[in-house]
Amino acid sequence: VGVASVNVGREFEAQMSSTAATAGATEEEYKKLEAAAMEGGRTTSKTATESSAALEYMALAGWSVNDSISALPSVLRLSDLARTSDLVTDSMSACGVSVDNLVGYLDICAKANNKSNQTAEQLMEAYLGVGGVMTNLNVPLTESATALGVLANRGIKGSEAGNALNAIMANLTTGTGQAGEMMKSLGISAFDSEGKFIGLKATLETLNTALSGCTEEERNAALAAIGGKQHVDALNDLMSGLNTTLEDGSTEWENLTKELENCDGALKAMAQTKLDNLNGDLAIFQSALEDTGIKIYKNLQGPLREVVQFGT
């Protein structure tokens, strides 16, 4: 037990030292970070060492110690902690999401995970490519997540979806090149008379209406001009989401938007469901064992360090 405790404790201590160094933490802040990491390890399926690693990624993103601690429980509910923590902070930055809105953002990611053919990680990867454009155009997260969900349902997801939607948004809004010329010829614009963006869905609906009277050849030519050679399929998929009717009479786009707009608590519910089994119980038990080992190590830490330093 002593050997196991020392091994667990020194690994946790080394990770905490790295976290504190990255965060530039004071002695008081170190204690708060350590307490948060141990609490995360004690009460979730993730270990205290993994919790500390997640805190370090938040510090790398420039988050304060208090912001990182408050965000930790939500981040711990997602898997692959180091990668997830990095994705959360980067995608939030791309989308202009503040730490205060972290829970709502992750609820949207969790609901998208459940209601469209993509993982929460893939949605965040997509936001790395298109989040900045959506933020600049004041597109709500539920609307952009709906668009990415429609694409994911047709096999375009992750960074591929983000890059595709980014290119389409540029073609729809810049008014230049063959895309701009085609939109002018169709008599449509992504902006109102005051130069304000009318919205992602509204723009696609305007395009959809303008193409309703066209022949199949004319429609394909218009979508190719606006979507471009590389992303015409993605534009076609977005239009399909507007036109696909489900059993309840709503469109695929409307249905997914409704789900995302009613996503409060989605992340917590998903995490509880995933852990509601023997493997989940064992994971939590293992985390609790590590917490116990770290506490034992703290009583052995001083004498052990003195012996090693004396030997050196």
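Residues numbered from 1 in each chain as written. Predicted model: local features only at pLDDT ≥ 70, side-chain atom pairs only at ≥ 80, totals over all residues. Heavy atoms only, no water.

Undergrad: Help me understand the overall build of the chain in this model?
TA: In terms of regular secondary structure, the chain is built from 15 helices and zero strands. When its C-alpha atoms are laid out on the principal axes, the chain stretches across 85 × 40 × 30 Å. Looking at the chain as a whole, 45% of its 312 residues qualify as buried. Taking as baseline every contact in the chain between residues at least 6 positions apart, the subset at least 24 positions apart corresponds to 68%. When the accessible area of the chain is evaluated, it comes to approximately 15,400 Å², of which 49% is carbon and sulfur surface. Distance between charge centres in the chain, computed from 22 positive and 40 negative side chains, equals 4 Å. (Helix = DSSP H or I, 4+ residues; strand = E, 2+ residues; numbered from the N terminus. Buried < 20%, exposed > 50% of the residue type's maximum accessible area, 1.4 Å probe, protein only. Contact = heavy atoms within 4.5 Å. Areas by Shrake-Rupley, 256 points an atom, 1.4 Å probe, with all protein chains shown as cover. Lys, Arg positive; Asp, Glu negative; His and termini not counted. Charge placed at Lys NZ, Arg CZ, Asp CG, Glu CD.)

Undergrad: What am I meant to see in the nonpolar core here?
TA: Nonpolar side chains tend toward joint burial in soluble globular proteins. Within the largest apolar cluster, 76 residues are counted, with the highest numbers of intra-cluster contacts made by Leu148, Leu165 and Leu204. Looking at which element gives the most residues to this core, the answer is helix α12 (residues 216-243), with nine residues. Those residues in contact with Leu148, other than ones at most four positions away along the chain, are Gln118, Leu123, Ala126, Tyr127, Val130, Ile156, Ala161, Gly162 and Leu165. (Core = buried A, V, L, I, M, F, W, Y, C linked by side-chain atoms within 4.5 Å.)

Undergrad: Looking at this model, I keep getting lost on the packing of aromatic side chains. Mind explaining?
TA: To describe a pair of aromatic rings, you give the distance between the ring centres and the angle between the ring planes. Scanning the entire structure with this criterion turns up two aromatic pairs. Taking the centre distance of 6.3 Å and the plane angle of 50° together, the rings of Tyr105 and Tyr127 count as tilted. With a gap of 22 residues between them, Tyr105 in helix α6 (residues 102-115) and Tyr127 in helix α7 (residues 120-136) connect regions that are remote in the sequence. By the burial criterion, Tyr105 is buried, and Tyr127 matches it. (Phe/Tyr/Trp six-rings, centres within 6.5 Å; stacked < 30°, edge-to-face > 60°.)

Undergrad: Looking at this model, I keep getting lost on the pattern of salt bridges. Mind explaining?
TA: Pairing is possible between side chains that carry opposite charge, provided their charged atoms lie close to one another. Across all of its chains, the model carries seven salt bridges by this definition. The closest approach of N and O atoms between Glu39 and Arg42, which form a salt bridge, is 2.6 Å. Of this pair, Glu39 and Arg42 both sit in helix α2 (residues 27-43), separated by three residues, roughly a single helical turn. With a relative accessible area of 37%, Glu39 lands in the partly exposed category. A residue is classified by how much of its surface remains accessible, and Arg42, at 33% relative accessible area, is partly exposed. (Salt bridge = Lys/Arg side-chain N within 4 Å of Asp/Glu carboxyl O.)

Undergrad: Quick question: what am I supposed to make of the environment of Ala170 here?
TA: Within the secondary structure layout, Ala170 lies in helix α9 (residues 158-174). Taking the C-alpha atoms as reference, Ala170 lies 35 Å from Leu55; in sequence the two are 115 residues apart.

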